[in-house]
Structure formats: structure tokens, C-alpha cells
Amino acid sequence: MKIKLVPVNEENRAAVLALSVREDQPFVASNKTSLRQADETNAEAPGVARPFAICADEKLVGFCMFAFAPEAEDAADRYWLWRFMIDQREQGKGYGQAALQEIIKYFKDNGADRLYLSTEPENERGLHIYHKAGFRENGTICEDEAVLMRMLKGPNKTIKDFYGVDVDKTMRIKGRKGYGVSVAVCDADGDLNAYCSGSGRFGQDFPVNPDMLFQAGSVSKPMFALTLLRYADKGLIDLDADISGVVPEFVRKGPMTFAALLSHTAGYNVHGFPGYRADHEPLSLEDVLSGKGNTPKLRRIRPCGRQFNYSGGGFVLAELAFTRITGTTLREAFQKEVAEPLGLKHTGYFQPLDEELIENAAFGGRLRIKEDPAHGYHYYPEHAAAGLWTTPTELVKLGLALSKSYREGGFLKKETARRMLTPVMGNYGLGIHSFRGDVGYHDGWNEGFLTTWIFSLREDLCAAVMFNRTTEELDWEQSKIAIELFQTVEEDAADAPGKRTLKAYCGKYEHPENADFCVDVVFLQDGKLYASFLDAEDGPFIGQLYPIGKKTFGRKGGFAKIVFGKDCLTIDGITCKKL
């Protein structure tokens, strides 16, 4: 059998269009669609799309199309097997595997060092063929398709990075029976991509998938705030009304408001909750607040409105007041006011977790081994503070909805979203952190689960990372990954300034009196802009800057924002003159 790739031309185009796969193979676009996309692509970037007829001993048996962009900055964007099909009448004759070998040879002969393709995870027949040819999943899910790659030079080692970040190495993902990570990003092109690796259940071969549920920990708090604010927009909840009469057994002296509870300025104790075995008897909100569970009784330890004091207990009190005012549970309210309008199918306050949801739920840490083999997670009756189950993909959708509301209104009224994301004390608004004036953020820690969620208030950019292991070090590492992913797509969305402009920003800057944080020197290194910072608390350090807007830069790994002006810069509202 001799396989030959023949460029699609006027002579064979009609024959290629006549090819088709079986009805039970809906995973491949029609050749008509593929050739139209090739024409559109080549009109903008000539030569990138390369469609070929697949011939076996001069007989037309299939079709393939390549994306060939060797100049692309990202190696993962350079060489793709974009389409591949064997006509239904020619399947089962060995043409698929033989054609793949010829395709691989084509890319090798044309200088490619690696080759990518993508297909639906349900395409078992296609995956079998690709695996046999040496392709392996690299963990990325792009537009609901699993991405596979094959090295063409050197050892065929799968490169598993996501937007240039080696997630597995940082989070110590090893093998198919260790811990697992799930990630989602909405980038500057509007693409919502996911990355999954490892096992959702330690000790089992249970691959993480994009729809696998993880506990969100304290990311439950902004979702409760979002639900409550939907009611506020309808005039059913007043954020500033005194609710002490609604929960008199827990507020002896008012006034007390939802706004104070959501901003952690109400002065209550009980920072967080450890949860209970999954088979623990149900506890009511009143039980939790009365100290009948495994946390102390809720009590006021600071004057209301005087200072920031993070309190999960305060959120449980707010949830109790909310349920009494509305006559509905948080689970029901979230489903009606948030999940259904946004089309979320895998997010909710599932406490306890429904039996039908367990089959695709991650287990936390080693709870399956230590406590309950069938339910490797804790039960959290403190729904608003810690009870949310979700996926990174749906967290990204929530971030985008909130960002759009902040900019122009929509899911929430514009003024409501802006109030939510305006700091009350420190950098905390109503149920959420607001950094730099244009970034929403929250993280979470439940027993065995870590979550980080970050999104832009200026544009549709968001990242979410969920992990089923908890240590102090990995908590920090996960947050760094989420921030790095977010800042990567944020930089991609900005116009890169020229070298001349960057040089103009370089120099030494004054240190304003009483400034706890300022810039000492700005300088170029290897074409990148850096700054030497002076921090009254942590001491001096150097950080890389990256563009986020016109004359505006962020700091890699942190949330400082620097705006350059004429012979000066402004950082966190403090102006430093250039010396």
C-alpha cells in the first residue's frame, strides 16, 4: 500500500467533497466546512491552511488538513493536524494508520519538531488510532476537545504545559493514581480552555476531567454574595437594613447589616470550618452558630464597622438571615438566580452531595483512605462560607458574568456589581477581594481541596485552578499558578510597547515620605522591564513588569499597578517623580 498526500485543487475538489464518515462518527467536520475554513484562513494568512486528499495506490480514500504556522511565537500554535478523515467506504482497511505515518513524515520533512491535534474525548476509535501512532493527551481541553501531541524530534515525550505554565511540575502531579488538578482560562481571544491532569481520587486511576466537581472552599462566599445581590437588584433584600430583628438570638445589639457581614467588618469570630465526615448527621445553620458542631459559638469580638476581621461565621449568620427573609434555602436560591440564568450544570451548594453527583466528584486529599472509601470529602453545613461544589470552567463563566456586570451591567446591575467589587476595608468588598482596582479574586481551602479564582474587571479574562490536596506550600503554589496564567493572558491582550518607550521609563524615582510601598529604580534586562521596589514591611525586592494598558503595567506575581506619566510614575495611588 502506497499512501500519497495530494494538495486539494480544482481537479479533485469535488471528489474530496463527496467523501464522508459514518453517521455514528459525528466527531469530524464535513469536508465542505473544512475547505471553506481553509479558504478563509488562507485569505488572511496565506499558506497556513494546507488541505490534502489522501490517496492509496492512486485511489482517493480520505482527506486531511494541516495548520502550518512555523513563525508562531508559541510552539503549541505552529504545527497542527487540523482535520483527518477516512471515507466510510474505505474504513477498516488500514488506511488511517498508514495515512498518519505519511502525515507525520510530511511534518518532519518540513521542519516541524512536534505535532498537535484535538478530538472529542468520546471519539474512542479516533483516539485508538492516534495513540497507536504515538500521540498522547497533554491535558489541555480546547473547545471541549482533548489536545494530543507527538514529538517529531528526539524522544516522544509529551510536553504538558498550559499557556506556558508547567502545572504538573508545580503541583507535583505524578502518575495516574496520585493527586489531580483542574484548570480553566478565558484568554484574550475569547477562548475558554481547560487543563486536567492526575487523579481525582488519590490511590485510584480516576482521571480528572473538565466536568469533575471539586469543593470550592471559601470561593463559596462570593457566590453567596452574588446570589444575595441578585435579590437586592429585585428589591427583595436591602444590604444596609438592620437585620438584627431577623436573627435576634445571634445579634443581641444592633444594628447589623448584610453589607457588614459580607465585608467581614461585622466583628464576629469563627474564621473557618473544618467540615465533618460525609456521613455525619445533618446540622442546621442554627446548630452551627450555637456551637453545637465542631466550631465555637458565634459571638461579637470587635465593634461593628471598626475593622476588618475575616469571619466565616459571619457569612453563616448572613445565610441564616437570608433564608429567613426569602423563605428559601441557599441551594434553591443559587440554582434559580445564578446557575440556571448562566447555564451552569455542575455548580451548586450540594450539601450533602447528591448520590448521582458522586460518580464524577473529586475526593479531597486522602479522606477516602482515612475516613470513608465511598465519600472522600467532608460535609459542610456552612453553605455560604464553604459549601460550594463546582468546576474551574464554570468558575470562569461566573467570573466573566461578574466582570461584564461591573463594566456595563447585565447579570447584576452595574451599580450593584461595582459596590460588590469596591473595597470596604483593606482590599475586600462584598464577599470578594478587589486588587489593583481592576482585578477580582478569591481563594479557598476546604479539607483536601484548594481553589483560586481570579478575573479582570476591564475585559473578559479569567483563570481558575482547583486541586485535591491541601498543604501550606501547595496552597501558595496553586495561587501562583492561577496568577501566572491570568497575567499571561492579560499581557497577551495588551499592546506591547516598543523598546524606545520602555527605555524612556527607565531611571531612578524619588521615595515619597511616609510611603510604605514605592519604586526605587526601573530598568531593562533582556528586553523586559523590571523595577526595584521598596516595601516597608518585606524589604526591597525586584519584580518584572508587564503591560496591561496604555502606559500601564502590572507586576508579575503580584497585584501592584504602575502608570507611567511625564517624568513620573504612579503606584497604588502614590506618585513618584523621576530623578
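As a starting point, this report considers the structure included with it. Being a predicted model, the structure only gives us computed values, none of them experimental.

Reading the values: rules and limits
- Residues numbered from 1 in each chain as written.
- Predicted model: local features only at pLDDT ≥ 70, side-chain atom pairs only at ≥ 80, totals over all residues.
- Heavy atoms only, no water.
- Helix = DSSP H or I, 4+ residues; strand = E, 2+ residues; numbered from the N terminus.
- Buried < 20%, exposed > 50% of the residue type's maximum accessible area, 1.4 Å probe, protein only.
- Contact = heavy atoms within 4.5 Å.
- Pairing = 2+ DSSP bridges.
- Axes fitted to C-alpha atoms, helices over the stretch in contact; angles between N-to-C directions.
- Core = buried A, V, L, I, M, F, W, Y, C linked by side-chain atoms within 4.5 Å.
- Parallel < 35°, antiparallel > 145°, perpendicular 65-115°, else oblique.
- Nonpolar A, V, L, I, M, F, W, Y, C, P; charged D, E, K, R; others polar.
- Expected span 1.5 Å × (residues − 1).
- Arc of directions from axis to C-beta.
- Salt bridge = Lys/Arg side-chain N within 4 Å of Asp/Glu carboxyl O.

Looking at the side chain of S405
Relative to the elements of secondary structure, S405 occurs in helix α14 (residues 392-408). S405 sits in the buried class, given a relative accessible area of 0%.

What to know about the environment of S290
Structurally, S290 is set in the loop between α8 (285-289) and α9 (312-326). Along the primary structure S290 and E249 are separated by 41 residues, whereas in three dimensions their C-alpha atoms are 9.3 Å apart. Beyond its immediate chain neighbours, meaning those up to four positions away, S290 contacts F250 and K297.

Digging into the sheet that holds strand β22 (residues 552-555)
Pairing between sheet strands relies on hydrogen bonds along the backbone, with the strands arranged either parallel or antiparallel. Spatially, the 8 strands line up as an open sheet ordered β18-β19-β20-β21-β22-β23-β24-β25, and their pairing is antiparallel. Two strands close off the open sheet at either side, each with one partner strand: β18 (507-508) and β25 (574-577). For strand β21 (residues 541-549) and β22, the ladder comprises 4 bridges, and the chain directions are antiparallel. The residue bridging Y546 from the neighbouring strand is G554, located in β22. Relative to the sheet, helix α16 (residues 472-493) contacts β21 and β22, its axis offset from that of β21 by approximately 45 degrees.

So, the nonpolar core
Counting 86 residues, the largest nonpolar core has M223, F224, F258, L317, L402 and W453 as its most contacted members. When residues in this core are grouped by element, the largest group, 8 residues, is from helix α6 (residues 220-233). Judged by nonpolar contacts, the second largest core, of 29 residues, contains F52, C64, L115 and L127.

Notes on the packing of α6 against helix α10 (residues 330-342)
The contact between α6 and α10 brings their axes to 9 Å, and the two run at 80 degrees. As judged from the angle between their axes, α6 and α10 are roughly perpendicular. Listed contacts from α10 to M223, F224, L226, T227, R230 and Y231 of α6 are L330, A333, F334, E337, V338 and P341. Tallied by class, residues from the contact of α6 with α10 come to 9 nonpolar, 1 polar and 2 charged.

A few points about helix α2 (residues 31-44)
Counted at 1.5 Å a residue, the expected span for α2 with its 14 residues is 20 Å, and the 20 Å between its end C-alpha atoms agrees. Buried within α2 are the following residues: N31, S34, L35 and A38. Taken down its axis, α2 places every buried residue within 95 degrees of arc, on the same side. Exposed residues on α2 whose side chains face more than 90 degrees from its buried face are K32, A43 and E44. Looking at the buried side of α2, the elements it contacts are α1 (13-17), β2 (49-56), β3 (59-68) and β4 (79-86).

Some words on the environment of E281
With respect to the secondary-structure elements, E281 resides in the loop between β11 (276-277) and α8. Sequence separation between E281 and P352 is 71 residues; the distance between their C-alpha atoms is 10.0 Å.

A few points about the pairing of strand β17 (residues 462-467)
In terms of residue burial, β17 counts as a mostly covered element, since 6 of its 6 residues are buried. Burial along β17 is two-sided: the face carrying C462, A464 and M466 and the face carrying A463, V465 and F467 are both buried. Here strand β8 (residues 180-186) pairs with β17 via 6 bridges, running antiparallel. Each residue of the ladder has a partner; that of V185, found in β17, is A463. Sheet topology places strand β16 (residues 449-456) next to β17; 6 bridges connect them, and they run antiparallel. If you follow T452 over to β17, its bridge partner there is V465. Where β16 folds back on β17, the antiparallel hairpin that results is connected by 5 residues.

Topic: the pattern of salt bridges
Under the criterion given, the structure shown has 28 salt bridges. Residue R277 is joined to D279 by a salt bridge in which the shortest nitrogen-to-oxygen separation is 3.1 Å. Residue K508 pairs with D520 through a salt bridge whose shortest N-O separation is 2.6 Å. One end of the pair, K508, is in strand β18; the other, D520, is in strand β19 (residues 517-525), and 12 residues separate them in sequence.

Looking at unusual backbone geometry
Residue G254 is joined to P255 through a cis peptide bond whose omega torsion reads 0 degrees. Mapping P255 onto the fold places it in the loop between α6 and α7 (258-262). Following Q351, the chain continues into P352 via a peptide bond in cis, with omega recorded as 0 degrees. Examined against the element boundaries, P352 turns out to sit in the loop between α10 and α11 (355-358). For R436, which is not glycine, the phi torsion reads 65 degrees and is therefore positive. One can find R436 in the loop between β14 (433-435) and β15 (439-446). When its relative accessible area of 11% is taken as the criterion, R436 is described as buried.

No statement about biological role is implied by the geometric values presented.
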